[in-house]
Amino acid sequence: MSKDNEDDFKAVELGIEAKHQESVKSAGDAAMEKLPQISATSPEPEVQEKQVLDQPTLKRFFVLRQGAFDQAVQDVQSLSDTQKDGRVLSSWLLSEVDHWNHEKERIVLITENSLLICKYDFMMLKCEHVQRVPLNIIDRIIHGSFTFPEKSLDKREGKGVRIHWDRLREPSFMSRWNPMSLDFPYCTLISHPVKDASETFGALCELDQFREKLSEAAMSAHEKNPVPGKANGVLVLNQAIQIDTYVGLVSYIMNQNKLGYCLARGNIGF
């Protein structure tokens, strides 16, 4: 092969190799374009999983079933005495904390003359007990955080409202040590756990609004029907609420498992 022919052959060989490399590069670019693109702003799976887990927890409360609370309020109204209690001013979904620091689900109605605190079974849709407190005997409304004795192992977060209606009467020794006793001249209320379920239930569980409405209704009742020999008016105090428990083992088990609420518990309901 001559020198000129050899140069022509190398030129043709180099041209073919260059075209081959270009075709391989084009095919690689096309394959990269077909690969799915990963967005840097895609949502994190942990956040979505947390939102999904919250829904079953809220659905366990029977009070959140459609129409359950409205039916409960109607049942309590049917048991009230129109002449004695007067017109219903507002209804609330709260929790009562007893002298042993046990939480219990309650429906509370403020009427023109009375405060109705109802224990309601949202599973069977029936009223089990109603405590009637005349508004004109309420003398103190205390709101604030909770405190316990110095050496107590018990504790409670958040704030509450304690309603007193007989400042001259102190609970007896037997009443203090009886967890089932109802012989107390006061009751303590806190917000219900479903207060964050929706705006509707948030308004029903609003503790500050309840305190304001109760104060207004009690003041009005004192003016309309004063009690002879009793100082008229309601004293509203912002101070700590004392609960005299020391160990708190029973209350811890009860409150952690929400035994004071109508809750779906698998095949067992409370």
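Residues numbered from 1 in each chain as written. Predicted model: local features only at pLDDT ≥ 70, side-chain atom pairs only at ≥ 80, totals over all residues. Heavy atoms only, no water.

The next thing to look at is helix α8 (residues 249-256). Among all positions of α8, only S251, M254 and N255 are buried. When α8 is viewed along its axis, its buried side chains cluster within an angular range of 90° and face the same direction. Exposed side of α8, more than 90 degrees from the buried face: L249, Y252 and Q256 are the residues found there. Structurally, α8 contributes buried residues whose contacts are with β2 (103-111). (Buried < 20%, exposed > 50% of the residue type's maximum accessible area, 1.4 Å probe, protein only. Helix = DSSP H or I, 4+ residues; strand = E, 2+ residues; numbered from the N terminus. Arc of directions from axis to C-beta. Contact = heavy atoms within 4.5 Å.)

All chains considered together, the criterion is met by eight salt bridges. R132 is paired through a salt bridge with D85; the nearest N and O atoms lie 2.7 Å apart. Residue R132 is found in strand β4 (residues 126-134), and its partner D85 is found in helix α4 (residues 82-85); the two are separated by 47 residues along the sequence. The salt bridge partner of R156 is E103, with a shortest N-O separation of 2.8 Å. Separated by 53 residues along the polypeptide, R156 in the loop between β5 (140-147) and β6 (159-164) and E103 in strand β2 bring together distant segments of the chain. Considered together, R156 and E103 belong to a single accessibility category, that of buried residues. (Salt bridge = Lys/Arg side-chain N within 4 Å of Asp/Glu carboxyl O.)

Further remarks concern the confidence of the model for the chain. Chain-level pLDDT for the chain is 80 on average; 77% of the residues reach the 70-or-more range. In the model, residues 2-20 has pLDDT below 50 throughout and makes one contact with residues more than four positions away in sequence or in other chains. Across residues 30-53, where pLDDT falls below 50, the model places two contacts with residues more than four positions away in sequence or in other chains. (pLDDT = per-residue confidence, 0-100.)

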